[in-house]
Amino acid sequence: QTDIPAIRDVVTEFPVGAAITAAETVGAHGQLLARHFSSVTPGNALKWDATEPTENTFRFTDADPLIAYAKAHGMAVRGHTLLWHNQTPAWVFTDPAGAPMTATAADKELLLARLSNHIRTVAAHYGTDIGVWDVVNEVIDESQPDGLRRSPWYTITGLDYIRTAFRVAREAAPHAKLFINDYNTNVPAKRDALFNLVAELRAEGVPIDGVGHQMHINVDWPSVAETEAMIRTFQPLGVEQQITEMDVSIYRANDESFPAPPADRLLRQAAVYRDMVALFRRYAGDITSVTVWGLADDNTWLDTFPVTRKDAPLLFDTALQAKEAYWGVIGRSSPS
Ligand code: G3I
């Protein structure tokens, strides 16, 4: 479909991105990607298990072709992610004797040294080709009294892993915008826990430039008003905000499953994309990028999460044709 507007020509306030795999940079997928998007996020290729599978053995074979593709097409790159608790190899949290690390001074020192080495090496490898890094991902757990996720990172180092990650990332990639990224940041308890953490760390001088809102949402939730409240909450911090992983599930409950996406859900989904993207554009001074978590419905993590069923959360269908959701982003009704 070359007769429809390119998203990147219509939404010009900020880069519009898609999360991708290597397979989505070639053939019809690659053409669709280059035509509509001005930014990419490697969906898995920059995670620790891909880039440092064993200690100090770095591997850039997954991500290098994606970054080269982005460069060749003049697209921005969001680097995702330097630190997470998932997709992190077990050796990272294992002490030299082969036992799980604990909150001892020696284990903490070793873990922070591994973290520094990882961030220095990965960030240096890409230099200015990556302009934005998700430095830490999903560190909030609003059910904890202090709002901090009890990952091995936290139980071994307290908050120091976050301080170290941002400081080392700043040294290794001084040009890059450094983000803290999380999901459900529209939920008031989680939003406020994230706000408090960012406020506290920035007051200490930890170089956090931005807050990433993943926005894994569905056709019913959240409302535009809640999403606007989310954006407004972070304004007093003076940080950038990016929508980093948006998708809109057609399902409203775990026990639903459709053989094919129902037309009414696809229309509802289009309205959600329309209203949310319009909101982000209104807040373009705060929102500096919007990324959808996948190119087309033929490849979405929601096909296996929270249960296995075919979902259709993106802007293009399994045949790479523009959906009503695409027209929602464009801000016009579909011509058909
Ligand atoms: O690489 C192996 C492959 O060798 C194997 O054959 C295949 C069989 O299952 O699995 C492959 O690994 C999968 C990997 O994606 C690459 O496709 C993992 O099983 C699978 O768990 C992994 O899922 C990723 C998920 O993060 C892991 O937590 C999704 O693709 C990725 O989209 C998703 O992204 C996260 C963001 O990073 C953070 N926010 C939430 C978002 C959605 O979960």
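The preceding data block contains the structure.
No experiment lies behind these values; they were computed from the predicted model shown.

Trainee: Before we move on, can you summarise the overall build of the protein with the specific residues and values?
Mentor: Tallying secondary structure elements over the protein gives 11 helices and 9 strands in all. Taking 2.2 N^0.38 as the reference for a compact globule, 336 residues should give roughly 20 Å; the C-alpha atoms of the protein span a radius of gyration of 20 Å, in line with that estimate. Projecting the C-alpha coordinates of the protein onto the three principal axes gives extents of approximately 65 × 40 × 40 Å. The 336 residues of the protein split such that 45% are buried. When contacts within the protein are restricted to residue pairs at least 6 apart in sequence, those whose partners lie at least 24 apart make up 74%.

Trainee: Describe in detail unusual backbone geometry, supporting the description with residues and values.
Mentor: Working note: non-glycine residues mostly have negative phi, and peptide bonds are mostly trans. Omega for the peptide link from H80 to T81 comes to 0°, which places this bond in the cis form. Positionally, T81 belongs in the loop between β3 (76-80) and α5 (105-126). Looking along the chain, the bond that leaves W221 and enters P222 is cis, with omega of 0°. Position of P222 relative to the elements: it lies in the loop between β7 (216-218) and α9 (224-234). The residue Q87 is not glycine, and still its phi comes out positive at about 50°. Residue placement: Q87 occurs in the loop between β3 and α5. If you check the backbone angles, E138 has positive phi at about 60° while not being a glycine. Examined against the element boundaries, E138 turns out to sit in the loop between β4 (132-137) and α6 (152-157). E138 sits in the partly exposed class, given 19 other C-beta atoms within 10 Å.

Trainee: Tell me about the nonpolar core, residues and numbers included.
Mentor: With 90 residues, the main nonpolar core has I119, W133, V135, A165, A169 and V329 as its most contacted residues. No other element matches helix α7 (residues 160-172), which puts 7 residues into this core. Discounting chain neighbours no more than four positions away, the residues touching V135 are L82, L83, A165, F166, A169, L178, F179 and I180.

Trainee: Lay out helix α2 (residues 27-36) in plain terms, naming residues and giving numbers.
Mentor: Turning to α2, its buried residues are H29, L32, L33 and H36. Down the axis of α2, the sector holding all buried residues measures 100°, keeping them to one side. Looking at the buried positions of α2, the neighbouring elements they touch are α1 (7-10) and β1 (16-20).

Trainee: Could you give an account of the packing of α9 against helix α10 (residues 263-282), with specific residues and numbers?
Mentor: Taken N-terminus to C-terminus, the directions of α9 and α10 make an angle of 25°; their axes are 10 Å apart at the nearest point. By the criterion of interaxial angle, the relationship of α9 to α10 is roughly parallel. Helix-helix and strand crossings are classified by hand; for α9 and α10 the assignment is right-handed. Residues V224, T227 and E228 of α9 form the contact with α10, whose participating residues are D275, M276 and L279. The residue inventory of the contact of α9 with α10, partitioned by class, reads 3 nonpolar, 1 polar and 2 charged.

What counts, and where the lines are drawn
- Residues numbered from 1 in each chain as written.
- Predicted model: local features only at pLDDT ≥ 70, side-chain atom pairs only at ≥ 80, totals over all residues.
- Helix = DSSP H or I, 4+ residues; strand = E, 2+ residues; numbered from the N terminus.
- Rg over C-alpha atoms; globule rule 2.2 N^0.38 Å.
- Buried ≥ 20, exposed ≤ 12 C-beta atoms within 10 Å, placed from the backbone.
- Contact = placed C-beta atoms within 7 Å.
- Core = buried A, V, L, I, M, F, W, Y, C linked by C-beta atoms within 7 Å.
- Arc of directions from axis to C-beta.
- Axes fitted to C-alpha atoms, helices over the stretch in contact; angles between N-to-C directions.
- Parallel < 35°, antiparallel > 145°, perpendicular 65-115°, else oblique.
- Left-handed = near helix turned anticlockwise from the far one by under 90°.
- Nonpolar A, V, L, I, M, F, W, Y, C, P; charged D, E, K, R; others polar.

Limitation: the analysis is restricted to geometry and does not speak to function.
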